[in-house]
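Residues per chain, in single letters:
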Amino acid sequence: MASRAGAPADTGSRPSGLEPIAPRVRWQEFLYLAVVLVLLAMLANFVLTNERLNLPVFWEYLFHPLVLDGLRITVILTVAGMVGGTVLGLALTAMRLSSSPTLRAVSFTAIYVSRTIPLLVQLLFWFFLASVLPRISFGIPFGPEFVSFETNEVINQLGAAIIALSLFVAGYMAEIMRSGVMSVDRGQVEAATAMGMTPLSVFRRVVFPQAARISIPPTMNQVISVLKYSSVVILIGLADLMYSVQAIYSRNFQQIPLLLVATFWYGLVVVVLTVVQSQLEKRLSTGLPKAARQRMKELEEKTDA
Amino acid sequence: MPETPVARATDQHTAHGSDRPMVEIAGLCKTFGEHRVLRGIDLTVAPGQVACILGPSGSGKSTLLRCVNQLETSTDGAIHIDGELVGYRVQGGRRHALSPRQIARQRRSTAMVFQRFNLLAHQTALANVMEAPVHVHGVPRDRAREEGLALLDRVGLGPYADHYPAQLSGGQQQRVAIARALAVRPRVLLFDEPTSALDPELVDEVLAVMTDLAREGLTMLVVTHEIAFARDVADTVFFMDGGVVVESGDPAQVLNAPSHERTRAFLRRVL
């Protein structure tokens, strides 16, 4: 084109003086966009003109004390379940990767059990534990007891829910952390070992920092799963977010607006978690090729200035 | 020249004095299941000497080196480093394996340079060099930093102290790995095919650093395919095949006039 026009084309960026390369136009993009816009318009129309949807109810209950109390319980369950599950999972990973065949077998079995029993079954099991074990006591096995408690005093609704979630999460976290540990380059482990580091130092200085980085995305998946799975506690009458909205709509029959309230809060927590995840990943990405490129750019800018 | 760790390590060797070998391997055997990788290796390296181990792939060279710093456990035979039995203590007429902690302590007398560099990916070049002094030997951070920078300068990488391994070329990474090995002032430096993973044009920069170290009198045990390096730098050459030392001695003699047919065949192929 440029050569036919005869005018001296701007060849500044093209020392060859050949025809410029025309940008490729993706006409189908306009079609996709049109379809999406129509669908969005239909959705907006449905939401805004449908009086049965009763949006004022959504706003009325969004910050209702019952809903906020429920949200608090949901967050507590998620945090406690993840912390408990991660601590147990770490122990299981350590056992699974140890040189002791006994510990490896124990860990393998525990991971199998944790991942096999449905969360709902575990929850009800711990909740009804008192029916088969009325008292919990500590002492010497088959010998004297030192202290003993009523099972129902120690394991209330919240206790049963936290135990069940922790045990449910433990198996998954153990496998997430094991895959993280196994992803660390064997050569680096050998190099650290050859330096004269003890096995514990090798883990702390070399394996853990790199395994943690690898484990962040699957761990965050796990947190989000637990956040949502925790709603099974409505079956033992624990007033979490889901329980609260259900309690409200069973009285006013405004199911959909109240389910939207629950959805809003679950969604908000997930947004917060996603931000936390990307910050964590940035923090721990030192030495990664991408981070390395970024750092290279910074160094270049520094030297240019 | 300021007193660098290298200079001090050299003093240590010249002060060694006695005729005791720095590395003494006797009757070393190693089997992996059915496979007999080492079948009775005898090898000694005197203090301040450079020994090169040559031989075809699968001849057991790397396994031998890895037995010296206990990355592998030998099945029979004994290794002494500077007179100390490696991996065992003798009590009541039997050898008892050392605990992982004791083995870790013993490993401090050696340092290893690997074929694939094995730098810690999440740490800068300088942090890699400082890692063992600070976290194994308890050297104060400031001093380790100063010495680490001196060592990086020494291998020509002073300006790259803040770079991560992923930002360095293979040859640069291997030079950082050599600086890291020197940082602990090892009595013996072990090299496991240090140039085999490098592009041809990067091999020379690593060999140059190794030649300097040899001139300064470090005790080095080098597994390599670089025949020219062995001829120019080594004090002794060991040729291994099938898990045994086929031939050993002065490099000029072993490499120019090998007495064993197996050695001749190998040299014909690599030269």
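Here is what the cut-offs are and how they apply
Residues numbered from 1 in each chain as written. Chains lettered and ligands numbered in written order. Predicted model: local features only at pLDDT ≥ 70, side-chain atom pairs only at ≥ 80, totals over all residues. Heavy atoms only, no water. Patch = residues over 30% accessible without salt bridge, like charges linked within 9 Å, V, L, I, M, F, W, Y side chains within 5 Å. Areas by Shrake-Rupley, 256 points an atom, 1.4 Å probe, with all protein chains shown as cover. Salt bridge = Lys/Arg side-chain N within 4 Å of Asp/Glu carboxyl O. Helix = DSSP H or I, 4+ residues; strand = E, 2+ residues; numbered from the N terminus. Buried < 20%, exposed > 50% of the residue type's maximum accessible area, 1.4 Å probe, protein only. Pairing = 2+ DSSP bridges. Axes fitted to C-alpha atoms, helices over the stretch in contact; angles between N-to-C directions. Contact = heavy atoms within 4.5 Å. Buried area = accessible area lost by both parts, 1.4 Å probe. Polar contact = N/O pair within 3.5 Å; in protein donor to acceptor, adjacent residues only side chain to side chain. Nonpolar A, V, L, I, M, F, W, Y, C, P; charged D, E, K, R; others polar. pLDDT = per-residue confidence, 0-100. Phe/Tyr/Trp six-rings, centres within 6.5 Å; stacked < 30°, edge-to-face > 60°. Lys NZ or Arg CZ within 6 Å of the ring centre and 35° of its normal. Arc of directions from axis to C-beta.

## A short note on a nonpolar patch on the surface
All names here are of chain A.
Part 1: Where nonpolar side chains cluster on the molecular surface, the patch consists of L31, Y32, V35, V38, L39 and M42 and spans about 620 Å² of accessible area.
Part 2: With respect to the helices and strands, L39 occurs in helix α2 (residues 28-49).
Part 3: Classification of L39 as exposed rests on a relative accessible area of 51%.

## Side note on the sheet that holds strand β11 (residues 236-241) of chain B
All names here are of chain B.
Part 1: Across the sheet, which stays open at both edges, the six strands sit in the order β8-β9-β10-β3-β11-β12 with mixed pairing between neighbours. Of all strands in the sheet, those with a lone pairing partner are β8 (110-113) and β12 (244-249), marking the two edges. Here the strands of the sheet are splayed against their neighbours by 20 degrees on average, with no regard to which way each runs.
Part 2: Direction of pairing for β11 relative to β12: antiparallel, over a ladder of five bridges. Within β12, the position partnered with F238 by the bridge is S248.

## Remarks on the sheet that holds strand β5 (residues 84-85) of chain B
Residue and element names in this part refer to chain B.
Part 1: Strand order in the open sheet made by the four strands is β2-β1-β4-β5, with antiparallel pairing throughout. The outermost strands of the open sheet, each flanked by one partner alone, are β2 (35-45) and β5.
Part 2: Pairing of strand β4 (residues 76-81) with β5, which is carried by two bridges, proceeds in the antiparallel orientation. Along β5, the bridge assignment pairs I81 with E84.

## Considering the pattern of salt bridges
Part 1: Applying the stated criterion across every chain yields a total of 18 salt bridges over all chains.
Part 2: Between R262 of chain B and D241 of chain B there is a salt bridge, and its shortest N-O distance comes to 2.4 Å. Taken together, the residues span a long stretch of sequence, with R262 of chain B in helix α10 (residues 261-270) and D241 of chain B in strand β11 at a distance of 21 residues.
Part 3: For R262 of chain B, a relative accessible area of 27% translates into the label partly exposed.
Part 4: Counted as one network, the salt bridges with shared partners bring together R96, E175 and R178 of chain A.

## Side note on the interface of chain A and chain B
Part 1: On the chain B side, the residues contacting the 23 residues of chain A number 27 residues.
Part 2: Of all residues in chain A, A194, M195 and R205 of chain A bury the most surface against chain B, accounting for 26% of the area lost on that side.
Part 3: Across the chain A-chain B interface, the total number found is seven residue pairs in polar contact (both at pLDDT 80 or more).
Part 4: Of all the secondary structure elements, the ones that give two or more residues to the side of chain A that touches chain B are α9 (186-194), α10 (199-229) and α13 (289-304) of chain A.
Part 5: Considering every element that reaches the side of chain A that touches chain B, the biggest residue donor is α9 of chain A, with six residues.
Part 6: Partitioning the side of chain A that touches chain B into residue classes produces 11 nonpolar, eight polar and four charged.

## Quick notes on the confidence of the model for chain B
Caution applies to low-pLDDT parts of the model: their predicted coordinates are not meant to be read in detail.
All names here are of chain B.
Part 1: Summing up the model confidence of chain B, the mean pLDDT is 90 and the portion of residues at 70 or higher is 93%.
Part 2: Throughout residues 1-15 the model reports pLDDT below 50, and contacts reaching past four residues in sequence, or to other chains, amount to 22 contacts.
Part 3: For this predicted complex, the interface confidence reaches an ipTM of 0.89, while the overall pTM sits at 0.80.

## A word on the environment of V147 of chain A
All names here are of chain A.
Part 1: Within the secondary structure layout, V147 lies in strand β2 (residues 145-150).
Part 2: By relative accessible area, which is 42% here, V147 ends up partly exposed.
Part 3: Setting aside residues no more than four positions away along its own chain, V147 makes contact with I136, S137 and F138.

## Section: the packing of aromatic side chains
Part 1: Evaluation of the coordinates by the stated rule reveals 12 aromatic pairs over all chains.
Part 2: Ring centres 6.1 Å apart and planes at 50 degrees place the aromatic pair F203 of chain A and F208 of chain A in the tilted group.
Part 3: Take F203 of chain A: its relative accessible area is 36%, and that puts it in the partly exposed class.
Part 4: By way of ring pairs, the aromatic residues F58, W59, F63, F264 and W265 of chain A are connected into one cluster.
Part 5: Its guanidinium or amino end placed over the ring of Y88 of chain B, R95 of chain B lies 4.9 Å from that ring's centre, counting from NZ or CZ.
Part 6: Just above the ring of F117 of chain B sits the side chain of R116 of chain B; from NZ or CZ to the centre is 6.0 Å.

## Observations regarding the environment of Q255 of chain A
All names here are of chain A.
Part 1: Mapped onto the secondary structure, Q255 falls in helix α12 (residues 255-283).
Part 2: Overall, Q255 belongs to the partly exposed group, its relative accessible area being 35%.
Part 3: A C-alpha to C-alpha distance of 9.5 Å links Q255 and L53, two positions 202 residues apart in sequence.

## Structural notes on helix α6 (residues 119-127) of chain A
All names here are of chain A.
Part 1: Along α6, the residues that are buried comprise L119, Q122 and L123. For α6, the angular spread of buried residues about the axis comes to 100 degrees, placing them on one side.
Part 2: Along its buried surface, α6 packs onto α5 (101-116), α8 (157-183) and α10.

## With respect to the environment of D204 of chain B
All names here are of chain B.
Part 1: The residue D204 is located in helix α7 (residues 200-215) in this model.
Part 2: Owing to a relative accessible area of 55%, D204 belongs among the exposed residues under this scheme.
Part 3: When the C-alpha positions of D204 and H122 are compared, they lie 27 Å apart, and in sequence the two are 82 residues distant.

## Observations regarding unusual backbone geometry
Part 1: Phi at F253 of chain A takes a positive value of approximately 60 degrees, unusual for a residue other than glycine.
Part 2: With respect to the element layout, F253 of chain A can be found in the loop between α11 (241-252) and α12.
Part 3: The exposed category is assigned to F253 of chain A, whose relative accessible area is 59%.
Part 4: One non-glycine residue, E193 of chain B, lies in positive phi territory at about 45 degrees.
Part 5: Inspection of the secondary structure assignment puts E193 of chain B in the loop between β9 (188-192) and α7.

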